[in-house]
Amino acid sequence: MKTLYVCQLCGYEYNPRLGDVDNDIEPGTDFEDISSDWTCPLCGAGKDDFECVVSDEDDDDDYE
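The structure presented is a predicted model; accordingly, all values stated were derived computationally and were not measured.

Applying the stated criterion to the full structure yields zero disulfides. Among the cysteines around Cys10, which has no disulfide bond, Cys40 carries the closest sulfur, lying 3.6 Å off. Free of any disulfide, Cys43 has its nearest neighbouring cysteine sulfur in Cys7, separated by 3.7 Å.

In C-alpha coordinates:
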(Lines give C-alpha, C1' and ligand atoms only; values in the text may rest on other atoms or scores of the structure.)
Protein backbone atom coordinates (compact mmCIF):
# COMPACT_ATOMS: atom_id res chain seq x y z
CA MET A 1 0.00 0.00 0.00
CA LYS A 2 1.26 3.48 -0.84
CA THR A 3 0.33 6.76 0.85
CA LEU A 4 1.00 9.97 -1.05
CA TYR A 5 0.08 13.58 -0.44
CA VAL A 6 -0.95 15.26 -3.68
CA CYS A 7 -0.92 18.99 -4.32
CA GLN A 8 -4.39 19.91 -5.50
CA LEU A 9 -3.03 22.86 -7.50
CA CYS A 10 -0.30 21.23 -9.59
CA GLY A 11 -0.35 17.48 -8.93
CA TYR A 12 3.03 17.22 -7.17
CA GLU A 13 3.17 14.02 -5.10
CA TYR A 14 4.91 14.00 -1.73
CA ASN A 15 5.89 10.46 -0.78
CA PRO A 16 6.85 10.14 2.90
CA ARG A 17 9.18 7.23 2.10
CA LEU A 18 11.19 9.44 -0.26
CA GLY A 19 10.87 12.80 1.52
CA ASP A 20 11.85 16.01 -0.26
CA VAL A 21 15.63 15.97 0.00
CA ASP A 22 16.00 19.06 -2.21
CA ASN A 23 14.20 20.98 0.53
CA ASP A 24 15.84 19.27 3.53
CA ILE A 25 12.95 16.86 4.23
CA GLU A 26 14.60 13.51 4.95
CA PRO A 27 13.21 10.22 3.60
CA GLY A 28 10.83 8.67 6.11
CA THR A 29 9.37 12.02 7.22
CA ASP A 30 5.60 11.86 7.68
CA PHE A 31 3.67 14.68 6.02
CA GLU A 32 2.28 15.71 9.41
CA ASP A 33 5.84 16.17 10.71
CA ILE A 34 6.84 18.65 7.99
CA SER A 35 6.99 22.26 9.16
CA SER A 36 3.79 24.22 8.58
CA ASP A 37 5.73 26.72 6.44
CA TRP A 38 6.84 24.04 3.93
CA THR A 39 5.45 24.65 0.46
CA CYS A 40 5.03 22.59 -2.68
CA PRO A 41 8.39 22.55 -4.48
CA LEU A 42 6.67 22.97 -7.86
CA CYS A 43 4.02 25.64 -7.34
CA GLY A 44 4.53 27.04 -3.83
CA ALA A 45 1.16 25.86 -2.46
CA GLY A 46 0.89 25.42 1.30
CA LYS A 47 0.35 22.15 3.14
CA ASP A 48 -3.38 22.89 3.32
CA ASP A 49 -3.55 22.43 -0.46
CA PHE A 50 -2.44 18.78 -0.24
CA GLU A 51 -4.73 15.77 -0.09
CA CYS A 52 -3.84 12.34 1.28
CA VAL A 53 -4.20 9.59 -1.33
CA VAL A 54 -3.86 5.90 -0.49
CA SER A 55 -3.44 3.38 -3.29
CA ASP A 56 -2.96 -0.37 -3.54
CA GLU A 57 0.29 0.06 -5.48
CA ASP A 58 3.47 -1.42 -4.04
CA ASP A 59 5.74 1.26 -2.53
CA ASP A 60 8.85 -0.71 -3.56
CA ASP A 61 8.54 0.73 -7.10
CA ASP A 62 9.86 4.06 -5.77
CA TYR A 63 13.31 2.60 -5.22
CA GLU A 64 14.06 1.29 -8.71
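Text resumes after the structure shown.
Time to look at the nonpolar core. One finds Tyr5, Cys7, Tyr12, Tyr14, Ile25, Phe31, Ile34, Trp38, Cys40, Ala45 and Phe50 forming the largest nonpolar core, which totals 11 residues. Beyond its immediate chain neighbours, meaning those up to four positions away, Tyr12 contacts Tyr5, Val6, Cys7, Asp20, Trp38, Cys40, Pro41, Leu42 and Phe50.

Glancing now at unusual backbone geometry. The phi torsion at Asp24 lies on the positive side, around 60°, for a residue other than glycine. Along the chain, Asp24 falls in the loop between strand E2 (13-14) and strand E3 (50-55). Owing to a relative accessible area of 69%, Asp24 belongs among the exposed residues under this scheme.

Moving on: the confidence of the model for the protein chain. On average, residues of the protein chain score 91 in pLDDT, and 89% of them reach the 70 mark or higher. E3 is the least confidently modelled element of the protein chain, averaging 94 in pLDDT, while E2 averages 97, the highest of any element.

To continue, consider the environment of Asp20. For Asp20, the position within the fold is in the loop between E2 and E3. Residue class for Asp20 comes out buried when judged on its relative accessible area of 6%. The contact partners of Asp20, leaving out residues within four places of it in the chain, are Tyr12, Tyr14, Ile25, Trp38 and Pro41.

The next point concerns the sheet that holds E3. Strand order in the open sheet made by the three strands is E2-E1-E3, with antiparallel pairing throughout. Bordering the open sheet on either side are E2 and E3, each of which pairs with just one other strand. Relative to E3, strand E1 (residues 2-7) is paired through six bridges, and the arrangement is antiparallel. Looking across to E3, one finds that Thr3 is bridged to Val54.

Applying the stated criterion to the full structure yields seven aromatic pairs. Ring plane angle 10° and centroid distance 4.4 Å describe the contact between Tyr5 and Phe31, whose orientation is recorded as stacked. Of this pair, Tyr5 sits in strand E1 while Phe31 is found in the loop between E2 and E3, placing the two residues 26 residues apart along the sequence. When the ring of Tyr14 is compared with that of Trp38, the centres are 5.8 Å apart and the planes differ by 65°; the resulting orientation is edge-to-face. With Tyr14 in strand E2 and Trp38 in the loop between E2 and E3, this pair connects stretches of sequence that are 24 residues apart. Tyr14 sits in the buried class, given a relative accessible area of 0%. Residue placement shows Lys47 over the ring face of Phe31; its charged tip is 5.0 Å from the ring centre.

How each quantity is defined
- Residues numbered from 1 in each chain as written.
- Predicted model: local features only at pLDDT ≥ 70, side-chain atom pairs only at ≥ 80, totals over all residues.
- Heavy atoms only, no water.
- Disulfide = S-S within 2.5 Å.
- Core = buried A, V, L, I, M, F, W, Y, C linked by side-chain atoms within 4.5 Å.
- Buried < 20%, exposed > 50% of the residue type's maximum accessible area, 1.4 Å probe, protein only.
- Contact = heavy atoms within 4.5 Å.
- Helix = DSSP H or I, 4+ residues; strand = E, 2+ residues; numbered from the N terminus.
- pLDDT = per-residue confidence, 0-100.
- Pairing = 2+ DSSP bridges.
- Phe/Tyr/Trp six-rings, centres within 6.5 Å; stacked < 30°, edge-to-face > 60°.
- Lys NZ or Arg CZ within 6 Å of the ring centre and 35° of its normal.

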